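Remarks on the overall topology
Residue strings, one per chain:
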Amino acid sequence: MNNAHPKISVIVPIFNREAYLAETLESIVTQSVLPHEVIVVDDGSTDSGGEIARSFPSVRYHDQTNQGAAVARNQGIQLASGDFFAFLDSDDRWMADKLALQLTAFAANLNLEMVLGHVRQFYSPELDETARQKIQIPKEVMPGYHIGTMLIRREAFFRVGWLETNLKQGEFISWYLRARDAGLQIAMLPEVVMERRIHQTNLGRNSDLNGSDYVRILKASLDRRRASGKISSLPGDGEKPE
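Here we summarise the structure given alongside this text. (Residues numbered from 1 in each chain as written. Predicted model: local features only at pLDDT ≥ 70, side-chain atom pairs only at ≥ 80, totals over all residues. Heavy atoms only, no water.)

**A short note on the pattern of salt bridges**
Applying the stated criterion to the full structure yields 10 salt bridges. A salt bridge links Arg73 to Glu171, with the shortest nitrogen-to-oxygen separation between them at 3.0 Å. Of this pair, Arg73 sits in helix H3 (residues 69-79) while Glu171 sits in helix H7 (residues 171-181); the two residues are 98 residues apart in sequence, bridging distant segments of the chain. The exposure classification of Arg73 matches that of Glu171, with both residues buried. Beyond isolated ion pairs, a larger network of salt bridges with shared partners links Glu23, Arg93, Arg120, Glu195 and Arg197. (Salt bridge = Lys/Arg side-chain N within 4 Å of Asp/Glu carboxyl O. Helix = DSSP H or I, 4+ residues; strand = E, 2+ residues; numbered from the N terminus. Buried < 20%, exposed > 50% of the residue type's maximum accessible area, 1.4 Å probe, protein only.)

Written out as structure tokens, the structure reads:
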């Protein structure tokens, strides 16, 4: 992989996403600026996802028993050697210049610690019109408060800490608020850097963060902000991170 730029470790957790995984990995290994390494953590898949991942020569493959996406991402971080971390879900895809745009932002502002970008949602081709009507995309392009848009300095990630593994959903909401509360320097690029696939089995759609978990996450953030004399808020424009 390309060593002419800062080393980027890309972490992809997978669990039974054989239909989309090749497209996801292709969007990583064809970046205009190539990452230092791509780490796929197989969270106990029972389909051919592992074979697909191993068919990419540049991918490092690690498998484990099923423990959830947060555990898989944390495992990938433990294996990573890069100066920067990036993440992509196994059913989404990056735009070809995602990493290049973000590295340019870091080079222009040496104080930046995390760079996000915008997201475009799209219907997966297998969805027929009836399914599309049932799964309405509320907004085509939106600020990407989503782990898949993030590029973060290694030391900044560890200043915030590991993803919480006790949450079924909402671990990135919780982690992002911890990053905000810790005072990380964050930029949101105007460009679309990721496309989020809408399909029948989207985890975030089928297992929405329940009210009690969301309240608990917000309360933890408010408690941290009050302790430091600050006031907490969710990301701008009414968008929730995923």
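**Examining H3**
Burial runs high along H3: 8 of the 11 residues are buried. In this fold, the buried residues of H3 make contact with strand E1 (8-14), strand E2 (37-43), strand E3 (59-64), strand E4 (84-87), helix H6 (154-160) and H7. (Contact = heavy atoms within 4.5 Å.)

**Points about the packing of aromatic side chains**
Inspection of the entire model under this criterion finds 10 aromatic pairs. Plain terms: the ring middles of Phe85 and Phe157 are 5.7 Å apart, the flat faces sit at 75° to each other, and that makes the pair edge-to-face. Taken as a pair, Phe85 in strand E4 and Phe157 in helix H6 lie far apart in primary sequence, 72 residues in all. There is no split in this pair, since Phe85 and Phe157 are both buried. (Phe/Tyr/Trp six-rings, centres within 6.5 Å; stacked < 30°, edge-to-face > 60°.)

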